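Residue-level structure breakdown
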Amino acid sequence: MNRPAFLVVTILVLLTAGVAAAADTRTYDRPIESTWEEAVKAVRDAEMVMLDSSRAEHTFTMRTTSWYSHKKGRVMEVELDGDLSSTTITVRAADPEQEEKLVKAIARYLAALDERMN
């Protein structure tokens, strides 16, 4: 493989890895309703703010808090999908352009949720 082609392939792999890390999914062996309750509580544990929720659709949005303003921050979408035996939760940036900046915030939220689920 010549050098320019190798460089292009390397850049594409790195970009794909960064985007994949920004949206994260976890699966828990719990009913969707109890997972919903813990997912909502984990927002506070991760020091984030709930913006909007739809319990019927099992989705909500939350945002990070800014050190200089509680009204500013980056927005994430959370979606739960499951049944009476297991639940899959997906967290992603509401704005695809913000994905790289939200990797740490998504990880912080999922760590708080993992702690509640264990």
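Just so it is clear, the model here is predicted, and its values are computed rather than measured.

Here the focus is the environment of alanine 93. Looking at where alanine 93 falls in the secondary structure, it is placed in strand β5 (residues 87–93). Put simply, alanine 93 and methionine 62 are 31 residues apart on the chain and 9.8 Å apart in space, counted from C-alpha to C-alpha. Excluding residues that lie within four positions of it along the chain, alanine 93 makes contacts with Val75, Met76, Gln98, Glu99, Leu102 and Ile106.

In this model, helix α3 (residues 103–117) (15 residues) spans 21 Å end to end at C-alpha, consistent with the 21 Å of a helix rising 1.5 Å per residue. Those residues of α3 lying buried are Ala105, Ile106, Tyr109, Leu110, Ala112, Leu113, Asp114 and Met117.

By the definition in use, this model includes one aromatic pair. Plain terms: the ring middles of tryptophan 36 and phenylalanine 60 are 5.5 Å apart, the flat faces sit at 80° to each other, and that makes the pair edge-to-face. Here the residue tryptophan 36 occupies a position in helix α2 (residues 32–45), and phenylalanine 60 occupies one in strand β3 (residues 59–64), the gap between them amounting to 24 residues. Of the two residues examined, tryptophan 36 and phenylalanine 60, each falls in the buried class.

About the thresholds
- Residues numbered from 1 in each chain as written.
- Predicted model: local features only at pLDDT ≥ 70, side-chain atom pairs only at ≥ 80, totals over all residues.
- Heavy atoms only, no water.
- Helix = DSSP H or I, 4+ residues; strand = E, 2+ residues; numbered from the N terminus.
- Contact = heavy atoms within 4.5 Å.
- Expected span 1.5 Å × (residues − 1).
- Buried < 20%, exposed > 50% of the residue type's maximum accessible area, 1.4 Å probe, protein only.
- Phe/Tyr/Trp six-rings, centres within 6.5 Å; stacked < 30°, edge-to-face > 60°.

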